[in-house]
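A closer look at the structure
The primary structure of each chain is shown beneath.
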Amino acid sequence: LGLFDGGNSVEWLQQVAANVPLWLMVIAVGVGPALSEELIFRGMIGRRLVAAWGLWPGVLITSCLFAVVHFHPCHVVAVIPLGIAMHLIYLATKTLWGPILLHFLNN
């Protein structure tokens, strides 16, 4: 874990936040990732995997892929349940706005 902890993103974000307006930080840390990651993982990858492999395999594989892009092993483990929840919200509502909102609030 030392390799991952060497690039502490929290400290970096604190340094950046001291010099960047709040509205820009909200867009960069909250809105941007929520929109882009949900479009990619739920809208594109997840939709195809669920169609090809069925509900649970598609949701689980998509959620694991979503978790892996968060790199740090602790984040990966924590993000899998969030990915499953966001995918189930997407499937229940048939819109990306629910998962985008949950993702934004989490960020």
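Going by the structure above, here's the rest.
Residues numbered from 1 in each chain as written. Predicted model: local features only at pLDDT ≥ 70, side-chain atom pairs only at ≥ 80, totals over all residues. Heavy atoms only, no water.

A word on the packing of helix 3 (residues 22-53) against helix 4 (residues 55-68). Between helix 3 and helix 4, whose axes approach to 8 Å, the crossing angle comes to 150°. The orientation of helix 3 with respect to helix 4, classified from their angle, is roughly antiparallel. The hand of the helix 3/helix 4 crossing is right-handed. Counting all contacts with helix 3, which are made through Glu37, Glu38, Phe41, Arg42, Ile45, Gly46, Leu49, Val50 and Trp53, the residues of helix 4 involved are Leu55, Pro57, Gly58, Val59, Ile61, Thr62, Leu65 and Phe66. Tallied by class, residues from the contact of helix 3 with helix 4 come to 11 nonpolar, 3 polar and 3 charged. (Axes fitted to C-alpha atoms, helices over the stretch in contact; angles between N-to-C directions. Helix = DSSP H or I, 4+ residues; strand = E, 2+ residues; numbered from the N terminus. Parallel < 35°, antiparallel > 145°, perpendicular 65-115°, else oblique. Left-handed = near helix turned anticlockwise from the far one by under 90°. Contact = heavy atoms within 4.5 Å. Nonpolar A, V, L, I, M, F, W, Y, C, P; charged D, E, K, R; others polar.)

Below, the discussion takes up a nonpolar patch on the surface. A cluster of nonpolar side chains, contributed by Leu22, Trp23, Leu24, Val26, Ile27, Val31, Leu35 and Trp97, occupies part of the molecular surface with about 800 Å² of accessible area. In terms of residue count, helix 3 provides more of the nonpolar patch than any other element does, 7 residues in total. Looking at the element boundaries, Val26 is found in helix 3. The class for Val26 is partly exposed, based on a relative accessible area of 35%. (Patch = residues over 30% accessible without salt bridge, like charges linked within 9 Å, V, L, I, M, F, W, Y side chains within 5 Å. Areas by Shrake-Rupley, 256 points an atom, 1.4 Å probe, with all protein chains shown as cover. Salt bridge = Lys/Arg side-chain N within 4 Å of Asp/Glu carboxyl O. Buried < 20%, exposed > 50% of the residue type's maximum accessible area, 1.4 Å probe, protein only.)

With that settled, consider helix 3. Remark: the principal bend of helix 3, roughly 40°, maps to Gly46. Those residues of helix 3 that fall on the buried side of the exposure criterion are Met25, Gly30, Pro33, Ala34, Glu37, Glu38, Phe41, Arg42, Gly43, Gly46, Leu49 and Val50. After helix 3 finishes, the residue Gly54 shows a positive phi value of roughly 100°. (Bend = angle between axes of the 7 residues up to and from the residue.)

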